[in-house]
Amino acid sequence: QLKKALREFREAKARAGGWPEVPKGPVLEPGMRDPRVVAVRERLEATGDLSNRGPADPQLYDPELVEAVKRFQQHHGLDPDGRIGGETLAELRATIDDRIAQLEANLERWRWLPDDLGARHVLVNVPSYELQAFEHRKRVLRMRVIAGLPDWPTPVFTAKLEGLHFNPEWAVPRKITAEEIVPKLQADPQYAEQVGLRVLSKEDGSEIDPATIDWA
């Protein structure tokens with residue numbers, strides 16, 4: 001599928017040179033009239049997300065275009081609310097060269113994975129924050145997971161799964177404590193309680209009220 005998409009995108013670039021650019025601007029809400037709606041239509045028509053039938057009012061963000069935007073949002077892992085702003089606008093402004101580069105990068109990632117993951121395996125998709133489990137090559141489980149940030153990435157690897165630990169206790173690693181947790185506690189001592197963290201004494205393990213600690 002990635003090879004097929006890459007071929008189609010390269011052909012589209014050779015044929016048309018790229019996609020229409022959607023200008024930056026404020027959030028576009030369903031029912032609004034705005035000159036930028038014309039560019040949104042042209043962008044979605046170019047990628048096949050919208051049929052190229054001429055609407056009565058090209059600048060009107062009408063229901064047909066709203067549904068096309070919702071499909072586009074779902075396709076890109078966004079909340080399909082039909083509003084065009086922030087993340088949706090960023091995806092609409094992505095160029096065909098951006099998408100080709102993403103496809104090439106993902107093909108390279110696949111190249112480094114085993115040719116056969118086995119009939120029974122767990123697959124974590126880091127960018128989509130999702131875990132899937134397969135049994136006899138059929139998906140039997142799908143769930144959300146926590147993943148790292150671009151500057152604090154989750155490692156990518158393959159390994160044999162030897163066991164599962166359900167509902168484990170977790171102590172925040174020292175580096176995360178120093179760089180992420182303590183600054184938030186300095187700003188708000190109630191932060192620990194808000195996110196479900198407990199502060200324990202190193203000596204006897206007794207619980208300490210975060211508000212009584214000088215986090216500086």
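Residues numbered from 1 in each chain as written. Predicted model: local features only at pLDDT ≥ 70, side-chain atom pairs only at ≥ 80, totals over all residues. Heavy atoms only, no water.

*Asks:* Would you take a moment to explain the overall build of the chain for this structure?
*Replies:* Scanning the chain for helices and strands turns up 7 helices and 5 strands. Computed over the C-alpha atoms, the radius of gyration of the chain is 24 Å, more than 25% above the 17 Å expected from 2.2 N^0.38 for a compact globule of 216 residues. In terms of principal-axis extent, the alpha carbons of the chain reach across some 75 × 45 × 30 Å. Within the chain, the proportion of its 216 residues that are buried is 24%. The long-range share in the chain, meaning contacts at least 24 apart out of those at least 6 apart in sequence, stands at 40%. Split by element, the accessible area of the chain, about 16100 Å² in all, is 53% carbon and sulfur. (Helix = DSSP H or I, 4+ residues; strand = E, 2+ residues; numbered from the N terminus. Rg over C-alpha atoms; globule rule 2.2 N^0.38 Å. Buried < 20%, exposed > 50% of the residue type's maximum accessible area, 1.4 Å probe, protein only. Contact = heavy atoms within 4.5 Å. Areas by Shrake-Rupley, 256 points an atom, 1.4 Å probe, with all protein chains shown as cover.)

*Asks:* Sorry, what's going on with the nonpolar core here?
*Replies:* Proteins that are soluble and globular tend to have nonpolar side chains buried together. Ranked by size, the top nonpolar core spans 15 residues in total, and within it Val40, Leu44, Tyr61, Leu65, Val69, Ile84 and Leu92 carry the most contacts. Sorting elements by how many residues they give to this core places helix 3 (residues 63-75) first, with 5 residues. In this structure, Val40 is in contact with Val22, Leu28, Leu65, Val69, Ile84 and Leu92, ignoring residues within four places of it in sequence. Formed by 8 residues, the second largest nonpolar core is a distinct cluster that contains Ile181, Val182, Leu185 and Trp215. (Core = buried A, V, L, I, M, F, W, Y, C linked by side-chain atoms within 4.5 Å.)

*Asks:* I keep staring at the packing of aromatic side chains and nothing clicks. Help me out?
*Replies:* Scanning the entire structure with this criterion turns up 1 aromatic pair. Of note, Lys175 hangs over the ring of Trp152, and the distance from its end group to the ring centre comes to 5.8 Å. (Phe/Tyr/Trp six-rings, centres within 6.5 Å; stacked < 30°, edge-to-face > 60°. Lys NZ or Arg CZ within 6 Å of the ring centre and 35° of its normal.)

*Asks:* I keep staring at a nonpolar patch on the surface and nothing clicks. Help me out?
*Replies:* Together, Val122, Val124, Leu161, Leu164 and Phe166 make up a nonpolar patch on the protein surface, roughly 550 Å² of accessible area in all. Locating Val122 in the fold gives a position in strand 1 (residues 121-125). (Patch = residues over 30% accessible without salt bridge, like charges linked within 9 Å, V, L, I, M, F, W, Y side chains within 5 Å. Salt bridge = Lys/Arg side-chain N within 4 Å of Asp/Glu carboxyl O.)

*Asks:* Please clarify how the packing of helix 2 (residues 36-46) against helix 3 should be interpreted in this entry.
*Replies:* Two numbers describe how helix 2 lies on helix 3: the axes approach to 11 Å, and their chain directions differ by 55°. By the angle between their axes, helix 2 is oblique relative to helix 3. Judged by the sense of rotation from one axis to the other, the crossing of helix 2 with helix 3 is left-handed. Contact with helix 2, carried on its side by Val37, Val40, Arg41, Arg43 and Leu44, involves Leu65, Ala68, Val69 and Phe72 of helix 3 and no other residues of that element. Grouping the amino acids of the contact of helix 2 with helix 3 by side-chain chemistry returns 7 nonpolar, no polar and 2 charged. (Axes fitted to C-alpha atoms, helices over the stretch in contact; angles between N-to-C directions. Parallel < 35°, antiparallel > 145°, perpendicular 65-115°, else oblique. Left-handed = near helix turned anticlockwise from the far one by under 90°. Nonpolar A, V, L, I, M, F, W, Y, C, P; charged D, E, K, R; others polar.)

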